[in-house]
Amino acid sequence: MAEDITPNDALYAMRHSAAHIMAEAVLELVPGAKFAIGPPIEHGFYYDFELPESLTNDDLAKIDRRMRRTIKRNVAFEHSEISKDEARQMFVDQPYKLELIDGIEDDHVSIYAHGKFVDLCEGPHVKRSGKVGAFKLTSIAGAYWRGDENNTMLQRIYGALFETQEDLDAHLERVEDAQRRDHRRLGRELELFTTHEDIGAGLPLWLPKGATVRRKLEEFITGLEREAGYQHVYSPHLAKRELFERSGHWDHFKDDMFPPMDLDHEQMVLRPMNCPHHILIYSSKLRSYRELPLRLAEMGTMYRWERSGVIGGLSRVRAMTLNDAHIFCEPSQVKEEFSGVMQLVERAYDILGITEYSYQLSLRDPDDKEKYVDNDEMWDMAEDILREAMDDLGLPYTEATGEAAFYGPKLDIQFADLMGREETYSTVQIDFHLPKQFDLSYIGEDGAEHQPVIIHRGVLSTMERMMAYLIELYGGAFPLWLAPVQAVVIPIADRHIDYARRVAVDLRAVDLRVELDDRGERMQAKIRDAQLQKVPYMLVVGDKEEEAGTVAVRQRSGEDLGALPVFQVIDRLQDEITTAMKSE
Ligand code: TSB
Ligand code: ZN
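Residues numbered from 1 in each chain as written. Chains lettered and ligands numbered in written order. Predicted model: local features only at pLDDT ≥ 70, side-chain atom pairs only at ≥ 80, totals over all residues. Heavy atoms only, no water.

*Asks:* It is not clear to me how a nonpolar patch on the surface should be interpreted in this structure. Could you clarify?
*Replies:* A cluster of nonpolar side chains, contributed by Leu238, Met261 and Leu263, occupies part of the molecular surface with about 230 Å² of accessible area. Mapped onto the secondary structure, methionine 261 falls in strand β13 (residues 261-262). (Patch = residues over 30% accessible without salt bridge, like charges linked within 9 Å, V, L, I, M, F, W, Y side chains within 5 Å. Areas by Shrake-Rupley, 256 points an atom, 1.4 Å probe, with all protein chains shown as cover. Salt bridge = Lys/Arg side-chain N within 4 Å of Asp/Glu carboxyl O. Helix = DSSP H or I, 4+ residues; strand = E, 2+ residues; numbered from the N terminus.)

*Asks:* Help me out: how do you make sense of the coordination of the zinc ion (ligand 2) in this one?
*Replies:* Perfect tetrahedral coordination of a metal by four donors corresponds to 109.5 degrees between them, and perfect octahedral coordination by six donors corresponds to 90 or 180 degrees. Taken together, the protein ligands of the zinc ion (ligand 2) are Cys275 (SG), His326 (NE2) and His456 (ND1), with distances of 2.0 to 2.5 Å. For the zinc ion (ligand 2), the single-chain donor residues occur in sequence as C-x50-H-x129-H. Of this pair, cysteine 275 sits in helix α10 (residues 275-282) while histidine 456 sits in strand β23 (residues 453-462), and the two are 181 residues apart along the sequence. By the burial criterion, cysteine 275 is buried, and histidine 456 matches it. (Donors = N, O, S within 2.8 Å, 3.2 Å for Na, K, Ca; no water. Buried < 20%, exposed > 50% of the residue type's maximum accessible area, 1.4 Å probe, protein only.)

*Asks:* Would you take a moment to explain helix α1 (residues 10-29) for this structure?
*Replies:* The end-to-end C-alpha distance of α1 is 29 Å, a good match for the 28 Å that 20 residues give at a rise of 1.5 Å each. For α1, the tally of buried residues reaches 16 of 20 residues, placing the bulk of the element in the interior. (Expected span 1.5 Å × (residues − 1).)

*Asks:* Looking at this structure, I do not really get the side chain of histidine 249. What am I missing?
*Replies:* Checked against the element boundaries, histidine 249 lands in helix α9 (residues 249-252). The class of histidine 249 is buried, set by a relative accessible area of 0%. A polar side-chain atom of histidine 249 sits 2.7 Å from a polar atom in the side chain of serine 247. Excluding anything up to four places from it in sequence, histidine 249 contacts Phe244, Lys254, Met257, Pro272, Met273, Pro276 and Phe406. (Polar contact = N/O pair within 3.5 Å; in protein donor to acceptor, adjacent residues only side chain to side chain. Contact = heavy atoms within 4.5 Å.)

*Asks:* Honestly, the environment of alanine 416 in this entry has me stumped. Any pointers?
*Replies:* Structurally, alanine 416 is set in strand β19 (residues 410-416). Aside from chain neighbours lying at most four places away, what touches alanine 416 is Arg421, Glu422 and Tyr469.

*Asks:* Is there a simple way to think about helix α2 (residues 57-73) in this case?
*Replies:* Side chains of residues three or four places apart in an α-helix project in the same direction, reflecting 3.6 residues per turn. Between the first and last C-alpha of α2 there are 25 Å, a value that for 17 residues agrees with the 24 Å anticipated at 1.5 Å per step. Along α2, the residues that are buried comprise Asp59, Leu60, Ile63, Asp64, Met67, Thr70 and Ile71. Each buried residue of α2 lies within a common arc of 140° when the element is viewed along its axis, so the set occupies one face. Facing away from the buried surface of α2 by more than 90 degrees, the exposed residues are Asp58, Lys72 and Arg73. N-capping of α2 is provided by threonine 56, with a side-chain oxygen placed 3.3 Å from the backbone N of aspartate 58. (Arc of directions from axis to C-beta.)

*Asks:* Whenever I open this one, the packing of aromatic side chains confuses me. Can you help?
*Replies:* Counting across every chain of the model gives 19 aromatic pairs. Relative to phenylalanine 91, the ring of phenylalanine 35 has its centre 6.4 Å away and its plane inclined at 50°; by these criteria the two rings are tilted. Here the residue phenylalanine 35 occupies a position in strand β1 (residues 34-35), and phenylalanine 91 occupies one in the loop between α3 (84-90) and α4 (95-103), the gap between them amounting to 56 residues. The same class applies to phenylalanine 35 as to phenylalanine 91, namely buried. (Phe/Tyr/Trp six-rings, centres within 6.5 Å; stacked < 30°, edge-to-face > 60°.)

*Asks:* Even after reading the chapter, I still don't get the site of ligand 1, so can you show me in this structure?
*Replies:* Among the 23 residues in the neighbourhood of ligand 1, the closest are listed as Glu306, Asp324, Thr424, Ser461 and Thr462. Here glutamate 306 contributes a side-chain N or O atom positioned 2.7 Å from a nitrogen atom of ligand 1. Backbone polar atom of tyrosine 425 to an oxygen atom of ligand 1: 3.1 Å apart, as the coordinates give it. Coverage of ligand 1 by the protein chains reaches 95% of its 610 Å² of free accessible surface. (Near = heavy atom within 4 Å.)

The following block contains the structure:
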């Protein structure tokens, strides 16, 4: 939820004024505190300080109390202009302010005072401190002076501020919800994935539960692909450097690749994309127009040297597996293939419950000769096809210059994550470049050789990025068909363990993923744990159930379905799975 606040907005003045009031409180509370800068920001404000000791949450509470006192006193904010010399005297023991004064070009300096507190500042501010609205100090973080890591590390205190308590509460609720759903946190709590510093950043380990979700996703999408006429292949994750020189990756994508491995007489590189391998599968035999479109698909693992600043969780990683395919077709088939891919995307989204996305036409920057293959005619042709194909489908799109692949334009599907950051998920790309680089051909109906076009496409994106999104979309409560554990059987007492085990065996026999909770805990504790793990079904068994051959069924939503015979539970779960996997 991005806000767009300008200095003319009431909220800007409120947040800015609260920053001053906070600085006043900190200077009063911490002898020797030096204050640096404190602007209004989206959702609130911050102020940076150099302090003799690190602040704690207790300190935040004290600062908060003092701020509220100033607000209650309803003191006026007063503006004045003073000379630089006067300003230097005023801030004589404040080195950051002195540095700021030195940087001001005017001979006059604008200051704002409320009560005894004065700050260098252009304003605007609220008239009186009682007008700052509703705020909450939210966190403390480190920040370098002027954002430069060679400078002193300061302590930054953040506050959230809105006009009304209601708006503030709504904001805090959203933040809390986002934190609860954060895939990094849920990934840990639900034991889906982890990382280890000895393996390295951006190189996640998929734990058994995360791996189960991934396997289900992979089975799901490869199933749809088989129905849509794709053929699946496997290929190695590395190749000789020459392969990527020929494809153009070496010229245009080298910065995103891991450095080559030096062997005796050659260099090998980890592939940053799967296309060259698929292309060599295409050209492994003579092709006829009768085989086209040839759709080669693979859960293709690839490696990219993402900068350390941008990797985080699963959404941007260095080792990734793309739900990839390359469609080799005749030029006249491109539009229909494009539309087939879009249908596949829609079907997959429908089943996964993905509803919020937008289309982006990612174009080259014609002036950037380093990043993009230089061939105007080819780019124009590919862009025209993409535009026409989108117009034929009647889909709205925005355009983004400088976002194309080096070999061709893309139609990218963008989603925003919980924090509002947009990323590309599905992508469909038109490529005339690689067919030329690899001299690809097919024998046409006329008996002559022709060059095919390649459509590169990823439907689910990489397993990593899609997993990150889905964890947050579902808040960890995966739909039954994807849930790593679909049901937990909970015996009430030890004497019910045998029966519970038989129930689990029956469900596993029809491929349901079931765990037996035979720990010596109380039933309530087991139910709570299963709920925390977001297991869709809890099957509780005691004397009554054992006698009647039933289980007491509880859903993770808290709903109680009462006692059902085991075969009915199986029917119910299987039905739920088949219904979920049927799209319109
Ligand atoms: C679609 N050659 C094509 C392929 O045939 C290709 O690799 N295209 S791509 O470069 O756009 O990457 C495909 C998708 O992978 C992107 O749309 C994005 O969803 C995903 N992806 C790219 N980089 C990362 C990364 N570092 N971490 C996770 N996913 C990524
Ligand atoms: Zn490709």
